[in-house]
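The lines below spell out each chain.
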Amino acid sequence: MEKYELITILGPTASGKTGFAAALAARMDTEIISADSRQIYRSMDIGTGKDLANYEVGGKHVPYHLIDIREPGYKYNVFEYQHDFFRVYEEIRRRGKLPILCGGTGMYIEAVLKGYKLLDVPPNPALRASLKGKTLQELENILASYKVLHNKTDVDSAQRAIRAIEIEEYYKTQAPDVNEYAPVKSLIVGIDIDRERRRSKISDRLRARLNEGMVDEVRGLLAKGLKPEDLIYYGLEYKYLTLYVTGQLTYDEMFAQLEIAIHQFAKRQMTWFRGMERRGFQIHWIEAGLPTEEKINITLRLLNNQL
């Protein structure tokens, strides 16, 4: 019987992975480590889909980690995430629990499961100056010329694309071959949601979040002194809502463009996960539409090597 050190729940946005992971954690009396590159920021709640109510299961609070750990405006990265993950992971293991890693940021998940040796990449002012003024498409073309290393699932703003190129350029000459952390033996469960259902859930969820006050959340962040370009950096909801709030898009333009961007983001997430399978990860896919109890039972059987 294989000895798993972690359970990983992954899937595209709107697949229902967080609610399932919380229900599983409640059943197993364990804790969740988030693998979401934007939920680490405080005050960015609706736009990042934290849905913290998911962590209350049957009157029981499920402890979660790596959510709300940085102030908005900060440029967090996979190097920091890897170190934060292993600190929390080791704490949970010392408590005698089997942690659950849950999220949709593929590079974060892969970096901790493989224990990649990562570097804290410094800014490159000369490179940034040479890329300034280029369109997002031009930047994506430049990024595509490098060896695939950076997580491209959420590169939907020029700032993020420039940072990704900066990382790739640094790693061309600096990246070491050794791992910093030992790889983690994880049971990996993927939440499989068909394309049409995923698209429908994404659109419904976008409308719901707008009704919940997502526009006011962005206005509030700007009122606290965040620069529009800092919010646009985070992409997706914060990019398009900032463009709307600052008068660069109409409401209808914002909604239409954001809806398309989220659909594209979900597709890129699935591309990353399929790439993980090609790189040797075994992902056990479970149908999103199954009842939560059935998904839990399947996962527990997988955990005990009964499938």
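Source: prediction; values computed, not measured.

Student: How do you make sense of the environment of D68 when you look at a structure like this?
Tutor: Along the chain, D68 turns up in the loop between β5 (64-65) and α2 (78-94). Distance from D68 to S43, taken between C-alpha atoms, is 7.8 Å for residues 25 residues apart in sequence. Sequence-distant contacts of D68, defined by excluding residues within four places in its chain, comprise Q39, I40, Y41, R42, D45, K50 and L52.

Student: Help me understand helix α12 (residues 292-303), please; the structure alone is not making it clear to me.
Tutor: Count 3.6 residues to each turn of an α-helix, and residues three or four apart come out pointing the same way. Spanning 12 residues, α12 covers 16 Å between terminal C-alpha atoms, matching the ideal 16 Å at 1.5 Å per step. Of the residues making up α12, those classed as buried are K295, I296, I298, T299, L302 and L303. For α12, the angular spread of the buried residues around the axis is 165°, confining them to a single face. On its buried side, α12 packs onto β1 (6-10), α1 (17-28), β7 (186-192) and β8 (283-287). After α12 finishes, the residue N305 shows a positive phi value of roughly 55°.

Student: What's the story with the side chain of R209 in this structure? I'm lost.
Tutor: Tracing the backbone through its elements, the reader meets R209 in helix α7 (residues 195-211). Among residues more than four places away in sequence, those in contact with R209 are I46, G49, D51, M214 and E237.

Student: Before we go on, may I ask you to explain the packing of α1 against α12 in this structure?
Tutor: A packed helix pair is summarised by two numbers, namely the angle formed by the two axes and the spacing between the axes. With their axes 10 Å apart at the nearest point, α1 and α12 run at an angle of 60° to one another. Considering the angle they form, α1 stands oblique to α12. Regarding α1 and α12, the two cross each other, and that crossing is right-handed. Contacts from F20, A23, L24, R27 and M28 of α1 reach α12 at T292, E293, K295, I296, N297, T299, L300 and L303. Classifying every residue of the contact of α1 with α12 by side-chain character gives 7 nonpolar, 3 polar and 3 charged.

Rules used throughout
- Residues numbered from 1 in each chain as written.
- Predicted model: local features only at pLDDT ≥ 70, side-chain atom pairs only at ≥ 80, totals over all residues.
- Heavy atoms only, no water.
- Helix = DSSP H or I, 4+ residues; strand = E, 2+ residues; numbered from the N terminus.
- Contact = heavy atoms within 4.5 Å.
- Expected span 1.5 Å × (residues − 1).
- Buried < 20%, exposed > 50% of the residue type's maximum accessible area, 1.4 Å probe, protein only.
- Arc of directions from axis to C-beta.
- Axes fitted to C-alpha atoms, helices over the stretch in contact; angles between N-to-C directions.
- Parallel < 35°, antiparallel > 145°, perpendicular 65-115°, else oblique.
- Left-handed = near helix turned anticlockwise from the far one by under 90°.
- Nonpolar A, V, L, I, M, F, W, Y, C, P; charged D, E, K, R; others polar.

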